[in-house]
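If you want the building blocks of each chain, they are given just below.
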Amino acid sequence: MSSNQSNRSKFKLRFLPIMLACVIALIAAGCGAKDSGTTTPAAPKTSTEAPAATETPTTDEVRKVKHAMGEAEIKGTPKNIVVLTNEATEAALALGVKPVGAVKSGLGDTWFPHLKDQLQGVTELGEESEPNLELIASLKPDLIIANKVRHEKIYSQLQGMAPTVVSEDLAGDWKQNFTLYAEALNLIDKGAEEMKKYDNKVAEAKTKIGDKLSTKVSMVRFVPEKVRIYMNDTFSGVILKDLGFARPAAQDKDEFMEVVTKERMADMDGDIMFYFNADFTEEKLGTKQQEEWMKDPLFQQLEVAKNKKTFKVDEVIWNLSGNIISANLLVDELVKYSEQM
């Protein structure tokens, strides 16, 4: 070996420990950086990242809706809706939902005239008081809307077919029912929007009617063999109260209705009288009852008779269909009638 090679070997050997020490130090420093808080932080999440799954409910979310007969568990937003009262049919349509099945009007035609165009293709399920259970089951609904007054006895059967939401009462409770149905349909915001539109219409109508709101409005229904005065807890009674109309003392009660005899005919009086006739058959027995009473000398003594302030109105809109579509139509009619008050 030459002297130069010998010198280079000695140089390498002399510095080898130093080089090994540097390598070990670098490795240790790297490991320490990995475990310590001195690592470079990750880039912050941008606003385009999807939120956690818990923040965005899925369409399969199960909702619990309390109602007059208990609690219904409804999965997501129902698609196949069955409605077993005419007022629920109106509510569903107002919320933009076309049911797959609905009970008929009970007036001879399947649907009420003001709704029939919207109900083309909907399966008719029989009467409110006796819907066709087999037909309901065949539609495979994912939600049934019913009413305790009409359907308490068949509730367990309905519940066995699909989640069933039951309203407590009819007539004067139409706003509560509308809100319940909107919740069941997973359309709470839409329901609030439609109710706000109704409230705005009422406010506008009150301005138009003005001091005519002091007019005492009588509401009478002629049915076969009976005559009823309608009070505040009725469909039309609620709307009259919303508008602020006065009522005759005998009718200004938070009750539904009262049957009156001819001896109590004075309780029908007011500044103006609206009446509707229950004509369920071709014989039009409600109209016959109305004609007989209005020919009676006792009726001729009433102020509404003397002043020719009796007006026959459409029972469908003023009484039977019973929800927000008819409520809006009724407000419009009362604005027009105020010109004759």
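See the structure above.
What you see as residue numbers is a count from 1 along each chain, following the sequence as written. The model is predicted, so local features are restricted to residues of pLDDT at least 70 and side-chain atom pairs to those at 80 or more, both for listing and for counting; the totals for chains, interfaces and linings are taken over all residues. Processing note: side-chain calculations cover all non-hydrogen atoms of the structure and skip hydrogens and water entirely.

(A) Quick peek at the layout of surface pockets. There is about 580 Å³ of room inside the largest pocket. Definitions used throughout: a 1 Å grid over protein atoms alone; a cavity as a set of points that fits a 1.4 Å probe which cannot get out; a pocket as an open set with protein on both sides within 12 Å along at least five of seven lines; a lining residue as one with an atom within 4 Å of a point. Looking at the largest pocket, it is lined by 26 residues, and the ones nearest its centre are Glu128, Arg150, Leu170, Asn319 and Leu320. Broken down by secondary-structure element, the contributors of at least two residues to the lining of the largest pocket are α2 (86-94), α4 (148-151), β11 (226-230) and α12 (315-320). Quantified by volume, the second largest pocket comes out at close to 180 Å³. Lining the second largest pocket, in full, are Leu107, Asn277, Asp279, Lys284, Lys312, Val313, Asp314, Glu315, Val316 and Leu320. With three residues, α12 is the single largest residue contributor to the lining of the second largest pocket. As a working rule, the residues Ala, Val, Leu, Ile, Met, Phe, Trp, Tyr, Cys and Pro are called nonpolar, Asp, Glu, Lys and Arg charged, and the rest polar, with Gly in that last group. A per-class count over the lining of the second largest pocket returns four nonpolar, one polar and five charged. Grid points are joined across faces, edges and corners, and a volume is the space filled by probe spheres set on the points. Numbering of helices and strands runs from the N terminus; a helix is a DSSP stretch of H or I covering at least four residues, while a strand is a stretch of E covering at least two.

(B) Examining the packing of helix α6 (residues 174-184) against helix α7 (residues 188-209) more closely. Axes here refer to lines fitted to C-alpha atoms; in helices the fit is confined to the stretch in contact. Angles between the N-to-C directions go from 0 to 180 degrees. Where α6 meets α7, the closest approach of the two axes is 7 Å, and the angle between their N-to-C directions is 150°. Comparing their axes, α7 and α6 come out roughly antiparallel. α7 is crossed by α6, and the crossing has right-handed handedness. Residues Trp174, Lys175, Phe178, Ala182 and Glu183 of α6 lie in contact with α7, whose contacting residues are Ile188, Gly191, Glu194, Met195 and Tyr198. Here the contact of α6 with α7 is built from residues that sort into six nonpolar, one polar and three charged. Any angle that falls under 35 degrees is termed roughly parallel, while one over 145 is termed roughly antiparallel, one within 65 to 115 roughly perpendicular, and all others oblique. If you view the pair so one helix is near and one far, a crossing is left-handed when the near helix is turned anticlockwise from the far one by less than a right angle, and right-handed when it is turned clockwise. Between two residues, a contact is recorded if the distance between any of their heavy atoms is within 4.5 Å.

(C) Molecular detail of empty space enclosed by the protein. This structure, assessed with the given rule, holds one cavity of 30 Å³ or more. Considering only enclosed or pocket space, the largest cavity measures out at about 30 Å³ in volume. Forming the boundary of the largest cavity are Asn86, Thr89, Val103, Thr110, Trp111, Phe112, Leu115 and Leu119. The residue inventory of the lining of the largest cavity, partitioned by class, reads five nonpolar, three polar and no charged.

(D) Representation of the sheet that holds strand β5 (residues 123-124). The rule for pairing is simple: two strands pair if DSSP sees at least two bridges between them. Pairing within the open sheet is parallel, and its five strands lie in the order β5-β4-β3-β8-β9. Edge positions in the open sheet fall to β5 and β9 (164-167), since each of these has one partner strand only. Judged from the four bridges that link them, strand β8 (residues 143-147) and β9 form a sheet pairing that is parallel. Across the sheet, Ile145 pairs through a bridge with Val165, a residue of β9. The strands that α6 touches are β8 and β9; relative to β9, the one it contacts most, it runs at about 170°.

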